[in-house]
Amino acid sequence: MENRGLDPVPDHERTGRVRTLFPTWVTANLTVLLLTVGAGLTVFNGLNVWQVLAVAVVASVLSFGLVGLVSVAGKRGGAPGMALSRAVFGQRGNLFPGALLWVVRWGWETVNAVTGSYALLAVLHLLFGVRSTPTLILVTLTAFVAGGFLVSGIGIGALRVASRVSVGLFGGASLLVLGHLVGTAPWRSVLEQPPGPAAMMVAGVGTLVAGGLSWVPSAPDFARYLPRSAPDRAMVAAAVGGALVTIPPMVATGAVMAVSSPHLAVAKDPVAFIGELLPRWLSVPYLLTAVIGMALVNAMSMYSAGFTAQTLGFAVPRAWAVGVNATISLLLGGTLMMVATSFVDTFLSFLTLLGVTFSAWTGVFGVDLLRGRVYDSAALMDTRPRSGYWYSGGYSRQAMGAWGAALVVGLLFTDVEWFTGPLGTSWTGRHGLGWAVTILVAAGVYAALPRPADGTGGAPARF
């Protein structure tokens, strides 16, 4: 059981290895929703399989390159991402991006929980012919959320072990699916698909990048046990490599499936639809391993969300803070499964908003990191006015101004199911690039402003 919360990890406990980050970032992408996204790139964007592969590779490098970069902050400061964020935004200022990211993370965990519950329901139907009922939906959803809560509540050790196991299981099952597709897919139709417009490739990159950006603020959480001597390049390579071995193959598999089964791109229950596309001997083990993978995705998100809750002032142990998010995802997940008429539309709209929200924080935090930020552990944990990260009234005006401006501009370029900004119908907005505008504005404004002076005197971190 990991008992450490926000407090930075002292040097003598930093026994981690960079290689442990690779299965962590593979696990972060173990969701069958990537198959649905791949199908959508073919059906809605009109891309052929080669373009889909190119989109997935570019998106993986862009999004998880940022994940790897920000994970370096965890090595430097030894603390969770949202605790390190206090050094950038100020003790009070950090409450604003922290609260917003915490609320948005509810949605991410809800989507994962619903997908995992769908997978469990699909297995029950395939094995026993059980039909979905409101009661059964709540039972499977509760079981899925409880599994994620158990692993995340135990802590980083359980997450590392479970990630290694899930990578092997899901990787093996995915290879079986690929082997089945090699023999059964309509390859002539797949390979003869004409290429789609370049603009649709740009839109596809925007969709996939948005999902990857959700892991950026969490990146330090999984790197804080690494020694200070851990090489930065290796950390970035582990993040990008974990994405590349997962996202492109799964997205391309979804694109191949969609050639003969285009309804995959619009299925209300995409997991059950995938189960019906495969023979029973293959669909059952594949969906079971998918459940494990998605439960761990949720566990990783809950693990980080627990730290975020603590930075917001929830004076409870880390495991209890994780339980808050587990309860919220259970309530929201039940609502989504009962009420939503189009799971895919809801998911894609959520991804767009997710990208804008996380990009505003990433732009400011990333520039601060590249400026050579050194974290003071005592100042990070001191939330009183005498804290070295109090700045002016508890706020870094430069960071808050850049973050707020970027968030507003990003929403102007947003066009989703529930909201269209004034510039949402522009070329940038229609192609899902609100996240790119957001991160550029955040980074540009913060870089142009003078660096705020903190009260630590630039001293190295103390333990």
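Everything below is about the structure shown above.
Residues numbered from 1 in each chain as written. Predicted model: local features only at pLDDT ≥ 70, side-chain atom pairs only at ≥ 80, totals over all residues. Heavy atoms only, no water.

**Remarks on the overall build of the chain**
Thought 1: Scanning the chain from terminus to terminus reveals 20 helices and zero strands.
Thought 2: A compact globule built from 463 residues would reach a C-alpha radius of gyration of about 23 Å, and the chain, at 21 Å, matches this within 12%.
Thought 3: Expressed as lengths along the three principal axes of its C-alpha atoms, the size of the chain is roughly 65 × 50 × 40 Å.
Thought 4: By sequence separation, contacts in the chain at least 24 residues apart represent 87% of the contacts at least 6 residues apart.
Thought 5: Total accessible area on the chain stands at roughly 17100 Å², and carbon and sulfur atoms take up 69% of it. (Helix = DSSP H or I, 4+ residues; strand = E, 2+ residues; numbered from the N terminus. Rg over C-alpha atoms; globule rule 2.2 N^0.38 Å. Contact = heavy atoms within 4.5 Å. Areas by Shrake-Rupley, 256 points an atom, 1.4 Å probe, with all protein chains shown as cover.)

**Brief notes about the nonpolar core**
Proteins that are soluble and globular tend to have nonpolar side chains buried together.
Thought 1: Core analysis: the biggest nonpolar cluster contains 132 residues, and Trp-25, Leu-208, Trp-215, Tyr-286 and Val-364 have the highest contact counts within it.
Thought 2: Setting aside chain neighbours within four positions, we find Tyr-286 in contact with Val-32, Leu-35, Phe-170, Ala-173, Ser-174, Val-177, Met-250, Ile-274 and Leu-278.
Thought 3: With five residues, the next largest nonpolar core counts Val-49, Ala-185, Val-190 and Ala-252 among its residues. (Core = buried A, V, L, I, M, F, W, Y, C linked by side-chain atoms within 4.5 Å. Buried < 20%, exposed > 50% of the residue type's maximum accessible area, 1.4 Å probe, protein only.)

**Remarks on empty space enclosed by the protein**
Thought 1: Using the criterion set out here, one finds three cavities of 30 Å³ or more in the structure.
Thought 2: If you add up the space inside the largest cavity, you get close to 200 Å³.
Thought 3: Considering the residues around the largest cavity, the lining is formed by 19 residues, among which Asn-29, Leu-34, Trp-108, Leu-208 and Gly-211 are closest to the centre.
Thought 4: For the lining of the largest cavity, the secondary structure elements donating two or more residues are helix H2 (33-43), helix H3 (49-77), helix H10 (198-213) and helix H16 (343-370).
Thought 5: In this structure, the second largest cavity is lined by Met-82, Leu-101, Arg-105, Pro-217, Ser-218, Asp-221, Ser-304, Phe-307 and Thr-308.
Thought 6: When contributions to the lining of the second largest cavity are tallied by element, the ones reaching two or more residues are helix H6 (95-128) and helix H14 (280-311). (1 Å grid on protein atoms, 1.4 Å probe; cavity = no way out; pocket = protein on both sides within 12 Å on 5 of 7 lines; lining within 4 Å. Points joined across faces, edges and corners; volume = space filled by probe spheres on them.)

**Overview of the packing of H6 against H14**
Thought 1: Interaxial distance between H6 and H14 falls to 9 Å at its minimum, and their mutual angle equals 160 degrees. The pairing of H6 with H14 is recorded here as roughly antiparallel in orientation. For the crossing formed where H6 meets H14, the hand is left-handed.
Thought 2: Across the contact of H6 with H14, the residue classes break down as 19 nonpolar, ten polar and three charged. (Axes fitted to C-alpha atoms, helices over the stretch in contact; angles between N-to-C directions. Parallel < 35°, antiparallel > 145°, perpendicular 65-115°, else oblique. Left-handed = near helix turned anticlockwise from the far one by under 90°. Nonpolar A, V, L, I, M, F, W, Y, C, P; charged D, E, K, R; others polar.)

**Here we look at the side chain of Thr-27**
Thought 1: Among the structural elements, Thr-27 can be located in helix H1 (residues 21-27).
Thought 2: Judged by relative accessible area, Thr-27 falls into the buried class, the value being 0%.
Thought 3: Polar contacts involving the side chain of Thr-27 include one to the main-chain carbonyl oxygen of Pro-23, which spans 2.7 Å.
Thought 4: With residues up to four places along the chain from it excluded, the contact list for Thr-27 reads Ser-163, Ser-166, Val-167, Gly-293, Leu-296, Val-297 and Met-300. (Polar contact = N/O pair within 3.5 Å; in protein donor to acceptor, adjacent residues only side chain to side chain.)

**Description of the environment of Gly-183**
Thought 1: Tracing the backbone through its elements, the reader meets Gly-183 in helix H8 (residues 156-184).
Thought 2: Its relative accessible area of 66% is what places Gly-183 among the exposed residues.
Thought 3: The spatial distance from the C-alpha of Gly-183 to the C-alpha of Gln-398 is 58 Å, given a sequence separation of 215 residues.

**What to know about the pattern of salt bridges**
Thought 1: This structure, assessed with the given rule, holds ten salt bridges.
Thought 2: The partner of Arg-373 in a salt bridge is Asp-454, with the nearest N and O atoms 3.0 Å apart. Within this pair, whereas Arg-373 is found in the loop between H16 and helix H17 (377-381), its partner Asp-454 is found in the segment after helix H20 (434-448), the two being separated by 81 residues in sequence.
Thought 3: By relative accessible area, Asp-454 is classed as partly exposed at 24%. (Salt bridge = Lys/Arg side-chain N within 4 Å of Asp/Glu carboxyl O.)

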